[in-house]
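Listed below, chain by chain, are the residues.
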Amino acid sequence: MKTAAYSVGCGCLLLCFLSGTAAAQRISFRAIPPGWSVEGKPFTKASIFEVQNNPAAPGHQWLSVTSEKASASLLSSYPLPVNLNKTPIIRWRWRATVLPPGADGRDPEKDDQVIGLYVSSGSRFRQQSIAYRWETQTPVGAEGTVRYASLFAVKWFTVRNENHVDGETFFIEERNVAEDFKKTFGAVPDEIGIGISCNSQYTGSKSAAQLDWIEFCEADTKQTTLASD
């Protein structure tokens, strides 16, 4: 699944100060942040991205991503006010509820993911991305590199799969995205954007997931529980 993050606008980051002098920049989905936009594929139905209320916690919202024989990405403004040299750790909280059956990111004919988080650097015409994906059949820990016309390069990692879906449980993930960029592309980018993808067009099926928040942290920042956790 190819995605990008290059739309122009003003991002919406909620700055949350954690323990000590460390800080985390958190994106919370009380609304779609200003400047973010949905981009689909030509001749393909678009996935749906919308903010929904948590029925179990009044006042708490999350981003719902759903698709039905569809594909699209929610793209952040670019660049986001994030310095990966200072906050190299990306954390996020997510849940998958409906997986595209039979999907496998290793097979171009089945390359659907219920949700993927892409951190990208570059422009519309040349881009490098690190992707963290919730797959269906692809083993956790699997990774791969996809290139498109020598202009777009995506290094993807399988973080979760069908073994982690019960319709209820959220997971908090953590990756050193700066390190992943350096290992893959040789350098840490000065500017980044985010793309959140959801697709089920190859398997001709449905998918659904929820994303609670995304944050960028200092390397020694301990995970801290906030009200929306």
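What counts, and where the lines are drawn
Residues numbered from 1 in each chain as written. Predicted model: local features only at pLDDT ≥ 70, side-chain atom pairs only at ≥ 80, totals over all residues. Heavy atoms only, no water. Helix = DSSP H or I, 4+ residues; strand = E, 2+ residues; numbered from the N terminus. Buried < 20%, exposed > 50% of the residue type's maximum accessible area, 1.4 Å probe, protein only. Areas by Shrake-Rupley, 256 points an atom, 1.4 Å probe, with all protein chains shown as cover. Salt bridge = Lys/Arg side-chain N within 4 Å of Asp/Glu carboxyl O. Core = buried A, V, L, I, M, F, W, Y, C linked by side-chain atoms within 4.5 Å. Phe/Tyr/Trp six-rings, centres within 6.5 Å; stacked < 30°, edge-to-face > 60°. Lys NZ or Arg CZ within 6 Å of the ring centre and 35° of its normal.

**Thoughts on the overall build of the chain**
Thinking step 1. Each helix and strand in the chain was counted, giving one helix and 14 strands.
Thinking step 2. Buried residues in the chain amount to 53% of all 229 residues.
Thinking step 3. Looking at the chain as shown, the accessible area adds up to about 10300 Å², and 51% of this sits on carbon and sulfur atoms.

**Points about the pattern of salt bridges**
Thinking step 1. In the structure shown here, the tally under the stated rule is eleven salt bridges.
Thinking step 2. With a closest N to O distance of 2.7 Å, aspartate 104 and arginine 106 form a salt bridge.
Thinking step 3. Overall, the relative accessible area of 9% leaves aspartate 104 in the buried class.
Thinking step 4. Residues glutamate 135 and arginine 133 are paired through a salt bridge, measuring 3.0 Å at the closest nitrogen-oxygen approach.
Thinking step 5. Taking the relative accessible area as the measure of exposure, glutamate 135 reaches 0% and is therefore buried.
Thinking step 6. For arginine 133, a relative accessible area of 1% translates into the label buried.
Thinking step 7. Because the salt bridges share partners, they merge into one network encompassing Arg26, Arg91, Glu174 and Glu215.

**Focus: the nonpolar core**
Generally speaking, a soluble globular protein has its nonpolar side chains buried in company with each other.
Thinking step 1. Core analysis: the biggest nonpolar cluster contains 39 residues, and Ile196 and Ile214 have the highest contact counts within it.
Thinking step 2. Counting five residues, the second largest nonpolar core, distinct from the first, contains Tyr118, Ala131, Val154 and Trp156.

**Points about the packing of aromatic side chains**
Any two aromatic rings considered together are summarised by their centre-to-centre distance and by the angle between their planes.
Thinking step 1. Counting across every chain of the model gives eight aromatic pairs.
Thinking step 2. Consider the rings of tryptophan 92 and tyrosine 132, whose centres lie 5.3 Å apart with planes at 25°: the pair is stacked. With tryptophan 92 in strand E7 (residues 89-98) and tyrosine 132 in strand E9 (residues 127-134), the pair connects residues that are 40 residues apart, well separated along the chain.
Thinking step 3. Relative accessible area serves as the criterion here: at 0%, tyrosine 132 is assigned to the buried category.
Thinking step 4. Measuring from centroid to centroid gives 5.2 Å for tryptophan 94 and tryptophan 134, while their planes differ by 65°, and the two rings are edge-to-face. A residue pair is termed long-range when its members are at least 10 positions apart, and tryptophan 94 in strand E7 and tryptophan 134 in strand E9 qualify at 40 residues. Both residues of the pair, tryptophan 94 and tryptophan 134, count as buried.
Thinking step 5. Site record: aromatic cluster; members linked through ring pairs are Trp92, Trp94, Tyr132, Trp134, Phe157 and Phe171.
Thinking step 6. Over the face of the ring belonging to tryptophan 62 we find arginine 95, whose NZ or CZ atom lies 5.0 Å from the ring centre.

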